[in-house]
Amino acid sequence: MESEKDFVNKFCQLTIDEETNSSSFFKLRMMDYRNKLVLAPMVRVGTLPFRLLSAQYGADITYGEEIIDHKIIKCERRVNDVLGTTDIVEKGTDNVVFRTCPEERNRVVFQMGTSDATRALKAAEIVCKDVAAVDINMGCPKSFSISGGMGAALLSKPELIHDILTTLRRNLDIPVTCKIRLLKYPQDTVELARRIEMTGVSALAVHGRKVPDRPRDPAKWNEIADVAAALSIPVIANGDVFEYEDFQRIRDATGASSVMVARGAIWNASIFSSKGKIPWEDVKREYVRKSILWDNDIKSTKHTLKEMITHYSSLGLPEGLAVIKSDTLADLAKLYGEEEYYTYVSESRRKQMI
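Here goes a summary of the coordinates provided. (Residues numbered from 1 in each chain as written. Predicted model: local features only at pLDDT ≥ 70, side-chain atom pairs only at ≥ 80, totals over all residues. Heavy atoms only, no water.)

### Notes on the layout of surface pockets
The cut-off we apply is this: Of the two site types, the cavity is a set of points on a 1 Å grid over the protein atoms alone where a 1.4 Å probe fits but cannot get out, and the pocket is an open set with protein on both sides within 12 Å along at least five of seven lines, each lined by residues with an atom within 4 Å of a point. Grid points are joined across faces, edges and corners, and a volume is the space filled by probe spheres set on the points. Numbering goes from the N terminus for both helices and strands, where a helix is a DSSP run of H or I of at least four residues and a strand is a run of E of at least two. Here the nonpolar group is Ala, Val, Leu, Ile, Met, Phe, Trp, Tyr, Cys and Pro; Asp, Glu, Lys and Arg are the charged ones; every other residue, Gly included, is treated as polar.
The space that makes up the largest pocket amounts to roughly 920 Å³. Along the walls of the largest pocket sit 37 residues, with Pro41, Met42, Arg181, His207 and Ala262 positioned nearest its centre. Those elements that provide at least two residues to the lining of the largest pocket are strand S9 (176–182), strand S10 (203–210), strand S12 (258–261), helix H11 (263–267) and helix H13 (298–312). When residues of the lining of the largest pocket are assigned to their parent elements, the largest contribution, four residues, is made by H11. Counted by class, the lining of the largest pocket contains 17 nonpolar, eight polar and twelve charged residues. Its boundaries defined by the atoms lining it, the second largest pocket holds a volume of some 670 Å³. Counting only elements with at least two residues in the lining of the second largest pocket, the list comes to helix H3 (48–57), strand S3 (67–68), strand S6 (96–100) and H13. Of the residues forming the lining of the second largest pocket, the biggest block, four residues, is contributed by S6.

As structure tokens, then:
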């Protein structure tokens, strides 16, 4: 497996090469959505460490967790010289809402929850210099999202969808996309997808479930196929991808350009590797190392670890209980045998700050 140092150095060099060449930089802003393996947006999971972990194992495009426009417009952009990151921070606080770095600039997609075109643009302008693309969430079925007119609530408002997407397209110099769920009738989904394509978006992600469906319900790959056949822009298929072989299976079944994975990546991020999955114990430790390196929020790190553990084991067993009781990244470093690494990173930061 590629070492942390080699991985970071490689992407740092790519970033330097691209930013010193204007034509390369322009290409960087033009995202290619065909034949890609994509990490899906996942709340409290899709933070910088998990995105970089997925990229290390082979993800071509990595979506961040959905962040609401109301929250972003209350933030400011700060360069974090100690970590080498760009942080979107709530004004007047040190609360990091979104963190990214040059190593992922050509692959990270900022996903936004919104119900207003003007507000969406204001939020997007805060992050657009530091991400590869902006995506609008039009599929979240949770009540907090729908009650605010966001997520799946947008599926019944084609005029508002058009307003939001065209406003972003006209004012941003990076690609704009969106992610939807299936509508009640397949033809309605196709018609909505066609209207979305007319806004000029670069790609459309389709989750193969309807709003009332639960994760345990089989994804309807045949209805994703209807959308893919009707559009000329890339369609990203999402739903029931749990093994590397499933990437090709869903491509063959749907005709989609690319494939997005959510739960399969949480359970073992090395799903993206063509060489096959590595043991999940190793994946967990690598995730903890990246959380330490990028000073990830402890609550986010614990949430992701608990999601990993729950699939294979139980939070009631010693490991799960220890994660629950951990209050700091230092506690997690001790739990996973990464105390030496934690000390090394902490000492390096301390020297930088002197």
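Anyway, onward from the coordinates.
### With respect to the nonpolar core
Which entries qualify depends on this criterion: Take the buried Ala, Val, Leu, Ile, Met, Phe, Trp, Tyr and Cys residues and link them wherever side-chain atoms come within 4.5 Å; each set so joined is a nonpolar core. Each residue is placed in one exposure class: buried if its accessible area under a 1.4 Å probe, protein chains only, is under 20% of its type's maximum, exposed if it is over 50%, and partly exposed if it falls in between. Whether two residues are in contact is decided by their heavy atoms: any pair within 4.5 Å suffices.
The biggest cluster of nonpolar side chains holds 86 residues, and the ones touching the most others in it are Phe50, Leu204 and Phe272. A total of seven residues in this core trace back to one element, the largest contributor, which is helix H5 (residues 117–127). The residues touching Leu204, leaving out its near neighbours within four places in the chain, are Cys178, Ile180, Ala193, Ile196, Val227, Leu231, Ile233, Pro234, Val235 and Ile236. Met31, Ile61, Ala132 and Ala133 belong to the second largest nonpolar core, which has 13 residues in total.

### Here's the deal with the sheet that holds strand S4 (residues 75–80)
Applied cut-off: Pairing between two strands is assigned when DSSP locates at least 2 bridges connecting them. What counts as an axis is a line fitted to C-alpha atoms, over the stretch in contact for a helix, and the angles between N-to-C directions run from 0 to 180 degrees.
Across the sheet, which stays open at both edges, the three strands sit in the order S4-S5-S6 with antiparallel pairing between neighbours. A single partner strand is all that each edge strand has here, and the edge strands are S4 and S6. Each neighbouring strand pair of the sheet contributes to a mean axis angle of 20°, computed without reference to strand direction. Alignment of S4 against strand S5 (residues 85–90), held across six bridges, turns out to be antiparallel. Residue pairing across strands places Arg77 opposite Ile88, the latter belonging to S5. Its contacts with the sheet put H3 on S5 and S6, and the angle it makes with S6 is roughly 25°.

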